[in-house]
Amino acid sequence: MPEKSVDVVIVGAGFSGLYQLYKLREMGLTTRVFEAGSGVGGTWYWNRYPGARCDVESLNYSYSFSPELEQEWTWTEKYSPQPEILSYAEHVADRFDLKKDITFDTRVESAVYDDDTHRWTVTTDSGEVVSTQFFVMATGCLSVSKAPEIPGAEKFGGAIYHTGHWPHGGVDFTGQRIAVIGTGSSGIQSIPIMAAQASEATIFQRTPNFSMPAGNRKLTDDEVRARKENYREYREAAKWSGFGVPVPEATKSALEVSEEERNGVYQTGWDQGNLVAILTSYIDTLAVKEANETAAEFVRAKIRDKVADPELAEALSPRSFPFGTKRPCLDTGYYETFNSEHVRLVDIHKTPLVEITAKGVRTSEKEYEVDAIVFATGFDAMTGALTRVDIRGKGGVSLKEKWGEGPRSYLGISVAGFPNMFTITGPSSPSVLTNMMVAIEQHVDWVSDCIGWLRENEVTELAATDEAEDEWVRHVEEVGNTTLYPTADSWYMGSNVPGKPRVFMAYIGGMGVYREKCDDVAAKGYDGFALTPEPTRA
Ligand code: NAP
């Protein structure tokens with residue numbers, strides 16, 4: 001028998017878990033949060049690699065729920081560095097006295113639903129067993145890091161690091177020969193800094209990525225003041241925008257304007273260091289190959305300008321997927337780094353990685369001797385953090401088994417057969433295709449309202465129906481197929497993890513559209529859910 005009983009168990013104390021705890025506590029519910037790390041912050045707690053910073057502007061990548069918090073916190077840079085974001089998470093946890101309900105250094109191992117009592121039994125790796133009516137997975141979309149699936153790491157005589165769980169004390173590579181495997185956002189942000197320290201830096205690239213200069217800088221007092229003055233208006237615009245970032249709506253096709261006009265528009269986004277501005281410049285950038293190619297070629301031309309050796313520039317130029325269908329990156333001096341004599345690029349598409357040896361990294365061509373290896377190889381995204389907990393719903397069905405052919409959910413928030421369980425920014429919601437802060441707040445608000453409504457209406461069990469789930473899965477796929485996203489081998493598609501089913505795991509209908517759908521479901525008395533009244537009323 002569980003020793004303890006609460007209204008809600010939340011897994012994770014990142015930005016989702018913190019806000020979910022705050023909301024439920026305000027509503028008077030008893031809540032326990034379990035967090036594997038020793039502190040709050042989630043992704044910003046673990047990803048401490050050099051150069052880690054958010055590529056959504058700091059004045060937008062922050063909570064909107066508390067106007068007081070908004071006014072008292074001052075962001076110092078256009079794109080916040082990881083330490084500043086972590087300090088913000090700490091500040092929020094302290095300001096709202098959240099830590100007293102968070103159990104750190106504790107992993108939830110299993111959660112089992114009881115069909116009779118309509119309650120979940122949650123068990124942790126410290127042996128604690130808690131009974132709860134509601135179970136919220138606030139475990140993040142990019143929180144289970146993955147290694148590069150090549151043998152031999154245990155043989156290596158030097159140090160191995162992963163960008164996704166970087167040592168808290170930092171690492172100094174001064175004078176070392178380093179190997180970096182992976183050129184996604186984490187690699188592209190960290191390589192210039194690590195290479196500047198190293199005596200020799202060898203970058204193993206499987207697929208080149210599109211990146212543009214962040215143009216990061218200190219924010220001026222005037223900029224901060226102006227945003228603080230119009231925060232409400234700005235937040236409202238972000239909430240209803242497509243990507244959670246307010247940008248003007250595109251009205252034209254990229255193919256209906258002259259090359260000169262188009263490149264002028266792309267140049268403006270480029271100069272602003274604004275990814276979303278380029279992605280949304282034209283209505284068909286993410287939908288029509290030829291339109292997309294104009295943006296892709298604009299970026300490739302920039303790479304040719306920046307990299308002195310034309311062959312190297314070509315090797316760094318993405319050609320195997322449309323622009324934006326793998327997460328584009330913001331960098332500070334990434335391409336320029338390759339102009340340094342001591343930095344070399346190894347195209348492992350041509351000469352694949354074979355093994356890690358005692359001395360370094362071996363490709364099909366040769367062995368590279370190094371002192372340290374950095375895996376910047378990404379994550380088992382979207383589903384990894386959910387399926388690694390042994391979650392069993394009605395009839396003992398396991399979530400991992402149910403999702404054997406890809407994630408299925410209703411609105412990306414609830415899974416049929418798993419009543420009273422919510423997934424914050426779960427697969428098939430806008431999540432990673434938007435400003436995560438906006439997506440998190442929308443989900444947490446919806447879940448909190450839902451729990452409040454269930455209690456008010458004396459409903460003991462909320463269960464997404466199979467029909468509603470099927471329809472949502474169909475809709476997500478249908479909308480995804482109107483875009484170029486499914487054509488890329490990306491982590492959005494699960495293709496970065498060998499054996500993972502190929503499914504587009506996010507909703508590209510837009511944040512505003514999705515919000516309307518969720519609000520509509522709630523307004524209709526939780527349409528698409530089966531509701532079981534409390535036993536006394538049954
Ligand atoms: P990622 O985008 O998945 O990049 C991983 C890199 O490692 C890719 O270049 C990948 O090559 C390579 N790789 C993976 N497995 C490999 C293997 N077995 N052998 C050789 N190479 C391998 O991961 P990430 O850079 O950590 O970024 C993940 C996401 O986190 C980003 O897309 C972004 O959403 C988020 N993020 C955001 C920020 C920010 O806000 N600035 C910063 C970092 C991360 P392939 O492309 O060929 O698979």
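Predicted model, so just to flag it, every value in this text is computed and none were measured.

Participant: Hey, could you go over the sheet that holds strand E8 (residues 177–181) for me, with residue numbers and the actual values?
Facilitator: The five strands are arranged E7-E16-E8-E9-E12 in an open sheet whose pairing can be described as parallel. Of all the strands in the sheet, just strand E7 (159–162) and strand E12 (343–347) have a single pairing partner and so form its edges. The average undirected angle you get between the axes of adjacent strands in this sheet is 20°. One ladder, built from four bridges, connects E8 with strand E16 (residues 372–375); its direction is parallel. Considered in E16, the bridge of alanine 179 is made with isoleucine 373. Most of the contacts of helix H5 (residues 185–197) go to E8, to which it runs at about 170°, and overall it touches E8, strand E9 (200–205), E12 and E16.

Participant: A description of the site of the ligand should follow, citing residues and the corresponding values.
Facilitator: The ligand sits among 26 residues. The nearest are Arg53, Lys146, Pro148, Ser186 and Thr207. Contact between the ligand and arginine 53: a nitrogen atom at 2.8 Å from a main-chain N or O atom of the residue. A distance of 2.6 Å separates an oxygen atom of the ligand from a polar side-chain atom of serine 186. Protein contact buries 90% of the 910 Å² of open area that the ligand shows by itself. For the shell around the ligand, the leading source of residues is H5, giving three residues. Classifying every residue of the shell around the ligand by side-chain character gives ten nonpolar, nine polar and seven charged. When residues of the shell around the ligand are assigned to domains, at least three fall in each of domain 1 (4–144 + 381–527) and domain 2 (146–210 + 324–378).

Participant: Quick rundown of the sheet that holds strand E14 (residues 360–363)? Include the residues and the values.
Facilitator: Across the sheet, three strands lie side by side as E13-E14-E15; this open sheet has antiparallel pairing. Two strands in the sheet have a free side with no partner beyond their single neighbour: strand E13 (353–356) and strand E15 (367–369). In this sheet, adjacent strand axes meet at a mean angle of 20° when their direction is disregarded. Relative to E14, E13 runs antiparallel, the two sharing three bridges. Within E14, the position partnered with glutamate 355 by the bridge is arginine 362.

Participant: Lay out the pattern of salt bridges in plain terms, naming residues and giving numbers.
Facilitator: Side-chain pairs of opposite charge can arise where the charged atoms are in close proximity. Inspection of every chain in the model, using the stated rule, returns 37 salt bridges. Between arginine 25 and aspartate 101 there is a salt bridge, with its nearest N and O atoms 2.8 Å apart. Of the two residues, arginine 25 sits in helix H1 (residues 15–26) while aspartate 101 sits in the loop between helix H4 (82–95) and strand E3 (102–103), which places them 76 residues apart along the sequence. Residue classification places arginine 25 among the partly exposed positions, given a relative accessible area of 22%. Ionic pairing is found between glutamate 70 and arginine 235, a salt bridge with its closest N-O pair at 2.8 Å.

Participant: Kindly report on the layout of surface pockets, identifying the contributing residues and their values.
Facilitator: The volume enclosed by the second largest pocket comes to roughly 620 Å³. The element contributing the most residues to the lining of the second largest pocket is helix H17 (residues 511–523), with three residues. For the lining of the second largest pocket, the two domains that each supply at least three residues are domain 1 (4–144 + 381–527) and domain 3 (241–321).

Participant: Please give an account of H17 that cites residues and values.
Facilitator: At 3.6 residues per turn, the α-helix brings residues three or four places apart onto the same side. Its 13 residues give H17 an end-to-end C-alpha distance of 18 Å, which sits within 8% of 18 Å, the value for a rise of 1.5 Å per residue. Every buried residue belonging to H17 is among Met511, Gly512, Tyr514, Arg515, Cys518 and Val521, and all of these are buried. Tucked inside the fold, the buried residues of H17 contact helix H7 (231–240), helix H15 (436–456), helix H16 (466–480) and strand E20 (529–533). Downstream of H17 by a residue or two, glycine 525 has a phi angle that is positive, lying close to 70°.

Participant: With reference to specific residues and values, describe unusual backbone geometry.
Facilitator: Located in the positive-phi region is serine 428, a residue other than glycine, with phi close to 80°. The residue serine 428 is located in the loop between strand E18 (421–423) and H15 in this model. Even without being glycine, serine 431 reaches a positive phi, approximately 25°. Tracing the sequence through the fold places serine 431 in the loop between E18 and H15. A residue is classified by how much of its surface remains accessible, and serine 431, at 0% relative accessible area, is buried.

Participant: Residues and numbers for empty space enclosed by the protein, please.
Facilitator: Taken as a whole and assessed by the stated rule, the structure comprises two cavities of 30 Å³ or more. Considering the residues around the largest cavity, the lining is formed by Leu59, Ser62, Tyr63, Leu69, Glu70, Trp73, Trp75, Tyr88, Lys228, Tyr231 and Arg235. Volume-wise, the second largest cavity comes out at about 40 Å³. Residue lining of the second largest cavity: Met137, Ala138, Thr139, Gly140, Met382, Leu386, Ile424, Thr425, Gly426 and Pro427, and that is the complete set. For the lining of the second largest cavity, the per-class residue count stands at six nonpolar, four polar and no charged.

Participant: With reference to specific residues and values, describe the nonpolar core.
Facilitator: Within the largest apolar cluster, 135 residues are counted, with the highest numbers of intra-cluster contacts made by Phe15, Tyr63 and Trp446. Looking at this core element by element, the count peaks at eleven residues for H15. Apart from the residues within four sequence positions on either side, tyrosine 63 is in contact with Gly14, Phe15, Leu18, Tyr19, Leu69, Glu70, Tyr88, Val92, Arg235, Met437 and Glu441. Membership of the second largest hydrophobic core comes to 20 residues, among which are Ala111, Trp120, Val415 and Met421.

Participant: Pulling in residues and values, what's your account of H5?
Facilitator: Along H5, the largest kink reaches about 40° and is centred on isoleucine 191; proline proline 192 follows within four residues of it. Buried within H5 we find Ser186, Gly187, Ile188, Gln189, Ser190, Ile191, Pro192, Met194 and Ala195.

Participant: Describe the pairing of E9, listing the residues and the values that go with them.
Facilitator: Judged by how many residues are buried, E9 sits mostly within the fold: five of six residues are covered. Where E8 lies against E9, five bridges are found, and the strand directions are parallel. Among the inter-strand pairings, alanine 179 is bridged to a residue of E9, identified as threonine 202. After leaving E8, the chain enters H5 and then returns to the sheet as E9, a path that is right-handed. Both E9 and E12 contribute to a ladder of five bridges, which runs parallel. Note that in E12 the partner of glutamine 205 across the bridge is aspartate 347.

Rules and cut-offs
Residues numbered from 1 in each chain as written. Predicted model: local features only at pLDDT ≥ 70, side-chain atom pairs only at ≥ 80, totals over all residues. Heavy atoms only, no water. Pairing = 2+ DSSP bridges. Helix = DSSP H or I, 4+ residues; strand = E, 2+ residues; numbered from the N terminus. Axes fitted to C-alpha atoms, helices over the stretch in contact; angles between N-to-C directions. Contact = heavy atoms within 4.5 Å. Near = heavy atom within 4 Å. Polar contact = N/O pair within 3.5 Å; in protein donor to acceptor, adjacent residues only side chain to side chain. Areas by Shrake-Rupley, 256 points an atom, 1.4 Å probe, with all protein chains shown as cover. Nonpolar A, V, L, I, M, F, W, Y, C, P; charged D, E, K, R; others polar. Domains from an automatic or database assignment. Salt bridge = Lys/Arg side-chain N within 4 Å of Asp/Glu carboxyl O. Buried < 20%, exposed > 50% of the residue type's maximum accessible area, 1.4 Å probe, protein only. 1 Å grid on protein atoms, 1.4 Å probe; cavity = no way out; pocket = protein on both sides within 12 Å on 5 of 7 lines; lining within 4 Å. Points joined across faces, edges and corners; volume = space filled by probe spheres on them. Expected span 1.5 Å × (residues − 1). Core = buried A, V, L, I, M, F, W, Y, C linked by side-chain atoms within 4.5 Å. Bend = angle between axes of the 7 residues up to and from the residue. Right-handed = clockwise from strand over helix to strand, strands pointing away.

This is a description of form; function is not addressed.
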